[in-house]
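Summary of the model geometry
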Amino acid sequence: MAAPPRLLCAAALALLLWAGFCSSVCVEVPSETEAVQGTDMKLLCISCMKREEVTASTVVEWFYRPNGGKDEPIYEYRKTNHEFPSRFSGRIQWNGSKDMQDVSITVVNVTLNDSGVYTCNITREFEFEIHRPLFQSSRVIHLTVVEEAGEDFTSVISEIMMYILLVFLTLWLLIEMIYCYRKVSKAEEAAQENATDYLAIPSENKENCAVPVEE
(Lines give C-alpha, C1' and ligand atoms only; values in the text may rest on other atoms or scores of the structure.)
Protein backbone atom coordinates (compact mmCIF):
# COMPACT_ATOMS: atom_id res chain seq x y z
CA MET A 1 0.00 0.00 0.00
CA ALA A 2 3.02 2.31 0.38
CA ALA A 3 3.95 2.06 -3.29
CA PRO A 4 1.35 4.53 -4.67
CA PRO A 5 2.40 7.42 -2.35
CA ARG A 6 6.04 6.83 -3.29
CA LEU A 7 5.16 6.88 -6.96
CA LEU A 8 3.20 10.10 -6.50
CA CYS A 9 6.11 11.73 -4.67
CA ALA A 10 8.55 10.64 -7.37
CA ALA A 11 6.25 11.92 -10.09
CA ALA A 12 5.83 15.26 -8.31
CA LEU A 13 9.61 15.59 -7.89
CA ALA A 14 10.18 14.79 -11.56
CA LEU A 15 7.53 17.35 -12.52
CA LEU A 16 9.20 20.03 -10.43
CA LEU A 17 12.60 19.27 -11.93
CA TRP A 18 11.14 19.39 -15.43
CA ALA A 19 9.41 22.70 -14.72
CA GLY A 20 12.67 24.12 -13.40
CA PHE A 21 14.48 22.94 -16.50
CA CYS A 22 11.87 24.40 -18.85
CA SER A 23 11.87 27.75 -17.05
CA SER A 24 15.63 28.12 -17.65
CA VAL A 25 15.37 27.55 -21.40
CA CYS A 26 16.19 30.62 -23.49
CA VAL A 27 14.97 31.07 -27.06
CA GLU A 28 16.16 33.91 -29.28
CA VAL A 29 12.98 35.21 -30.92
CA PRO A 30 13.13 37.99 -33.53
CA SER A 31 11.29 41.22 -32.84
CA GLU A 32 8.23 42.43 -34.71
CA THR A 33 8.98 45.04 -37.35
CA GLU A 34 5.66 46.88 -37.70
CA ALA A 35 3.89 49.09 -35.19
CA VAL A 36 0.66 51.08 -35.27
CA GLN A 37 0.76 54.77 -34.52
CA GLY A 38 -0.26 55.60 -30.96
CA THR A 39 0.44 52.11 -29.53
CA ASP A 40 3.30 50.79 -27.40
CA MET A 41 5.93 48.85 -29.32
CA LYS A 42 8.22 46.33 -27.64
CA LEU A 43 11.58 46.06 -29.36
CA LEU A 44 12.58 42.50 -28.63
CA CYS A 45 16.26 41.80 -28.02
CA ILE A 46 17.17 38.38 -26.59
CA SER A 47 20.73 37.10 -26.27
CA CYS A 48 20.91 33.70 -24.60
CA MET A 49 23.90 33.08 -22.39
CA LYS A 50 26.07 30.16 -23.44
CA ARG A 51 27.14 29.39 -19.90
CA GLU A 52 24.38 30.16 -17.42
CA GLU A 53 26.40 28.77 -14.51
CA VAL A 54 29.03 31.50 -14.95
CA THR A 55 28.31 34.96 -13.62
CA ALA A 56 28.81 37.79 -16.08
CA SER A 57 28.47 41.55 -16.11
CA THR A 58 26.26 42.76 -18.96
CA VAL A 59 26.20 46.10 -20.74
CA VAL A 60 23.34 46.91 -23.13
CA GLU A 61 23.31 49.80 -25.61
CA TRP A 62 20.36 50.78 -27.77
CA PHE A 63 20.81 52.97 -30.86
CA TYR A 64 18.35 54.54 -33.27
CA ARG A 65 19.03 55.52 -36.88
CA PRO A 66 16.37 57.39 -38.87
CA ASN A 67 16.03 56.66 -42.56
CA GLY A 68 19.05 58.26 -44.21
CA GLY A 69 20.49 59.39 -40.87
CA LYS A 70 23.17 58.31 -38.39
CA ASP A 71 23.08 56.12 -35.29
CA GLU A 72 22.32 57.96 -32.08
CA PRO A 73 22.26 56.43 -28.57
CA ILE A 74 18.83 56.34 -26.97
CA TYR A 75 19.18 53.92 -24.02
CA GLU A 76 21.84 52.14 -22.00
CA TYR A 77 21.99 49.60 -19.21
CA ARG A 78 25.26 49.50 -17.24
CA LYS A 79 24.28 48.17 -13.80
CA THR A 80 21.67 50.95 -13.86
CA ASN A 81 19.26 52.22 -16.52
CA HIS A 82 20.14 55.40 -18.38
CA GLU A 83 18.07 57.15 -21.04
CA PHE A 84 19.84 59.55 -23.40
CA PRO A 85 18.21 62.85 -24.43
CA SER A 86 16.53 62.19 -27.76
CA ARG A 87 13.16 62.23 -29.53
CA PHE A 88 12.28 59.25 -27.29
CA SER A 89 12.87 61.06 -23.99
CA GLY A 90 10.28 59.88 -21.47
CA ARG A 91 8.91 57.26 -23.88
CA ILE A 92 11.30 54.34 -23.32
CA GLN A 93 10.67 51.62 -20.74
CA TRP A 94 13.08 48.86 -19.76
CA ASN A 95 11.64 45.36 -20.30
CA GLY A 96 14.71 43.26 -19.60
CA SER A 97 14.80 40.12 -17.46
CA LYS A 98 16.74 39.65 -14.23
CA ASP A 99 19.17 37.18 -15.81
CA MET A 100 19.93 39.76 -18.54
CA GLN A 101 19.15 37.36 -21.37
CA ASP A 102 16.15 39.45 -22.39
CA VAL A 103 17.29 43.06 -22.77
CA SER A 104 14.25 44.44 -24.59
CA ILE A 105 12.82 47.95 -24.37
CA THR A 106 9.38 49.37 -25.09
CA VAL A 107 8.73 52.59 -26.97
CA VAL A 108 5.56 54.17 -25.60
CA ASN A 109 3.07 55.88 -27.92
CA VAL A 110 5.02 55.40 -31.15
CA THR A 111 4.72 58.00 -33.90
CA LEU A 112 5.30 57.88 -37.64
CA ASN A 113 8.65 59.59 -37.06
CA ASP A 114 9.81 56.62 -34.97
CA SER A 115 10.27 54.51 -38.09
CA GLY A 116 13.87 53.55 -38.68
CA VAL A 117 16.61 51.12 -37.66
CA TYR A 118 17.09 50.14 -34.01
CA THR A 119 20.28 48.40 -32.93
CA CYS A 120 20.73 46.49 -29.68
CA ASN A 121 24.37 45.87 -28.67
CA ILE A 122 25.10 43.41 -25.86
CA THR A 123 28.52 43.11 -24.22
CA ARG A 124 29.17 40.48 -21.58
CA GLU A 125 32.30 40.01 -19.49
CA PHE A 126 32.46 36.50 -18.06
CA GLU A 127 34.08 36.10 -14.67
CA PHE A 128 36.46 33.15 -14.95
CA GLU A 129 39.17 32.57 -12.37
CA ILE A 130 42.03 32.87 -14.85
CA HIS A 131 40.75 35.33 -17.44
CA ARG A 132 37.68 37.48 -18.19
CA PRO A 133 36.64 37.00 -21.84
CA LEU A 134 34.23 39.39 -23.56
CA PHE A 135 31.21 38.29 -25.57
CA GLN A 136 29.53 40.76 -27.93
CA SER A 137 26.39 40.44 -30.06
CA SER A 138 23.99 42.75 -31.89
CA ARG A 139 20.36 42.70 -32.97
CA VAL A 140 19.07 44.98 -35.73
CA ILE A 141 15.37 45.85 -36.00
CA HIS A 142 13.94 47.66 -39.03
CA LEU A 143 10.79 49.24 -37.61
CA THR A 144 7.97 50.66 -39.71
CA VAL A 145 5.19 52.67 -38.04
CA VAL A 146 1.84 52.76 -39.88
CA GLU A 147 -1.27 54.85 -39.27
CA GLU A 148 -3.66 51.89 -39.14
CA ALA A 149 -3.20 48.19 -38.64
CA GLY A 150 -3.25 46.32 -41.93
CA GLU A 151 -4.92 42.95 -42.28
CA ASP A 152 -2.48 40.12 -41.82
CA PHE A 153 -2.03 37.94 -44.92
CA THR A 154 -1.95 34.82 -42.74
CA SER A 155 -5.31 35.69 -41.18
CA VAL A 156 -6.79 36.26 -44.65
CA ILE A 157 -5.63 32.82 -45.79
CA SER A 158 -7.02 31.29 -42.58
CA GLU A 159 -10.42 32.91 -43.16
CA ILE A 160 -10.50 31.69 -46.77
CA MET A 161 -9.63 28.15 -45.70
CA MET A 162 -12.31 28.30 -43.00
CA TYR A 163 -14.98 29.32 -45.54
CA ILE A 164 -13.87 26.60 -47.95
CA LEU A 165 -14.10 24.06 -45.14
CA LEU A 166 -17.58 25.27 -44.18
CA VAL A 167 -18.76 25.01 -47.80
CA PHE A 168 -17.29 21.51 -48.09
CA LEU A 169 -18.94 20.38 -44.84
CA THR A 170 -22.27 21.87 -45.95
CA LEU A 171 -22.15 20.04 -49.29
CA TRP A 172 -21.13 16.82 -47.56
CA LEU A 173 -24.05 17.08 -45.11
CA LEU A 174 -26.42 17.85 -47.99
CA ILE A 175 -25.24 14.79 -49.93
CA GLU A 176 -25.56 12.61 -46.81
CA MET A 177 -29.10 13.88 -46.20
CA ILE A 178 -30.12 13.15 -49.82
CA TYR A 179 -28.56 9.68 -49.63
CA CYS A 180 -30.33 8.89 -46.34
CA TYR A 181 -33.63 10.25 -47.68
CA ARG A 182 -33.42 8.05 -50.77
CA LYS A 183 -32.46 5.04 -48.69
CA VAL A 184 -35.40 5.56 -46.33
CA SER A 185 -37.75 6.12 -49.29
CA LYS A 186 -36.64 2.88 -50.94
CA ALA A 187 -37.10 1.03 -47.65
CA GLU A 188 -40.62 2.45 -47.26
CA GLU A 189 -41.48 1.56 -50.87
CA ALA A 190 -40.23 -1.99 -50.36
CA ALA A 191 -42.29 -2.27 -47.17
CA GLN A 192 -45.39 -1.00 -48.94
CA GLU A 193 -44.86 -3.47 -51.81
CA ASN A 194 -44.50 -6.34 -49.36
CA ALA A 195 -47.64 -5.22 -47.56
CA THR A 196 -49.55 -4.97 -50.85
CA ASP A 197 -48.37 -8.39 -51.93
CA TYR A 198 -49.41 -9.82 -48.57
CA LEU A 199 -52.86 -8.29 -48.79
CA ALA A 200 -53.24 -9.67 -52.33
CA ILE A 201 -52.77 -13.27 -51.11
CA PRO A 202 -56.10 -15.14 -50.59
CA SER A 203 -57.12 -15.79 -47.00
CA GLU A 204 -56.68 -19.55 -47.37
CA ASN A 205 -53.12 -19.10 -48.47
CA LYS A 206 -52.55 -16.72 -45.55
CA GLU A 207 -53.61 -19.47 -43.14
CA ASN A 208 -51.26 -21.87 -44.85
CA CYS A 209 -48.51 -19.36 -44.54
CA ALA A 210 -48.93 -19.37 -40.80
CA VAL A 211 -46.23 -21.20 -38.90
CA PRO A 212 -47.56 -24.30 -37.19
CA VAL A 213 -47.29 -24.29 -33.43
CA GLU A 214 -45.96 -27.46 -31.87
CA GLU A 215 -47.66 -28.73 -28.77
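Because the structure is predicted, anything quoted here is derived from the model rather than measured.

1. Some words on the pattern of salt bridges
One pass over the structure, following the stated rule, counts five salt bridges. With a closest N to O distance of 2.9 Å, glutamate 125 and arginine 132 form a salt bridge. With relative accessibility at 25%, the residue glutamate 125 sits in the partly exposed group. Take arginine 132: its relative accessible area is 45%, and that puts it in the partly exposed class. One network of salt bridges, with partners in common, ties together Glu61, Glu76 and Arg78.

2. Quick look at the sheet that holds strand β3 (residues 56–65)
Strand order in the open sheet formed by six strands is β1-β9-β8-β3-β4-β5, with mixed pairing between adjacent strands. Of all strands in the sheet, those with a lone pairing partner are β1 (34–36) and β5 (81–83), marking the two edges. Ignoring which end each strand starts from, the neighbouring axes of this sheet average 20 degrees apart. Pairing analysis gives three bridges linking β1 to strand β9 (residues 134–146), with the strands arranged parallel. Residue pairing in the sheet places valine 36 in a bridge with valine 146 of β9.

3. Comments concerning a nonpolar patch on the surface
Taken together, the side chains of Leu165, Phe168, Leu169, Trp172 and Leu173 define a hydrophobic patch exposed on the protein surface, amounting to about 520 Å² of accessible area. Within the secondary structure, leucine 165 is located in helix α2 (residues 153–200).

4. Re the sheet that holds strand β2 (residues 41–43)
Taken in spatial order, the three strands line up as β2-β7-β6 in an open sheet, and their pairing is antiparallel. Each edge of the open sheet is held by one strand with a lone partner, namely β2 and β6 (92–94). Put simply, the sheet's adjacent strands are angled 25 degrees from each other on average, direction ignored. For β6 and strand β7 (residues 105–107), the ladder comprises three bridges, and the chain directions are antiparallel. Pairing of glutamine 93 across the sheet is with threonine 106, part of β7.

5. Focus on the confidence of the model for the protein
Looking at the protein as a whole, its pLDDT mean stands at 79, while 74% of the residues score no less than 70. By mean pLDDT, the top-scoring element of the protein is β7 (96), and the lowest-scoring one is helix α1 (residues 3–23) (43). Note that residues 1–23 has pLDDT below 50 and, in this model, zero contacts with residues that lie over four places away or in other chains.

6. Thoughts on the environment of valine 103
Inspection of the secondary structure puts valine 103 in the loop between β6 and β7. Look at valine 103 and you get buried, because its relative accessible area is 1%. C-alpha separation for the pair valine 103 and leucine 44, spaced 59 residues apart in sequence, amounts to 7.5 Å. Setting aside its immediate chain neighbours within four residues, valine 103 contacts Cys45, Val60, Trp62, Trp94, Gly96, Cys120 and Ile122.

7. What to know about the state of the cysteines
Tallied over the entire structure, the rule returns one disulfide. Across the disulfide from cysteine 45 sits cysteine 120; the S-S distance is 2.2 Å. Because the sign of the S-S torsion sets the handedness, a value of about -80 degrees for the bond joining cysteine 45 and cysteine 120 places this disulfide among the left-handed ones. With cysteine 45 in the loop between β2 and β3 and cysteine 120 in strand β8 (residues 116–126), this pair connects stretches of sequence that are 75 residues apart. Given the relative accessible area of 0%, cysteine 45 is considered buried.

Thresholds, definitions, all that
- Residues numbered from 1 in each chain as written.
- Predicted model: local features only at pLDDT ≥ 70, side-chain atom pairs only at ≥ 80, totals over all residues.
- Heavy atoms only, no water.
- Salt bridge = Lys/Arg side-chain N within 4 Å of Asp/Glu carboxyl O.
- Buried < 20%, exposed > 50% of the residue type's maximum accessible area, 1.4 Å probe, protein only.
- Pairing = 2+ DSSP bridges.
- Helix = DSSP H or I, 4+ residues; strand = E, 2+ residues; numbered from the N terminus.
- Axes fitted to C-alpha atoms, helices over the stretch in contact; angles between N-to-C directions.
- Patch = residues over 30% accessible without salt bridge, like charges linked within 9 Å, V, L, I, M, F, W, Y side chains within 5 Å.
- Areas by Shrake-Rupley, 256 points an atom, 1.4 Å probe, with all protein chains shown as cover.
- pLDDT = per-residue confidence, 0-100.
- Contact = heavy atoms within 4.5 Å.
- Disulfide = S-S within 2.5 Å.

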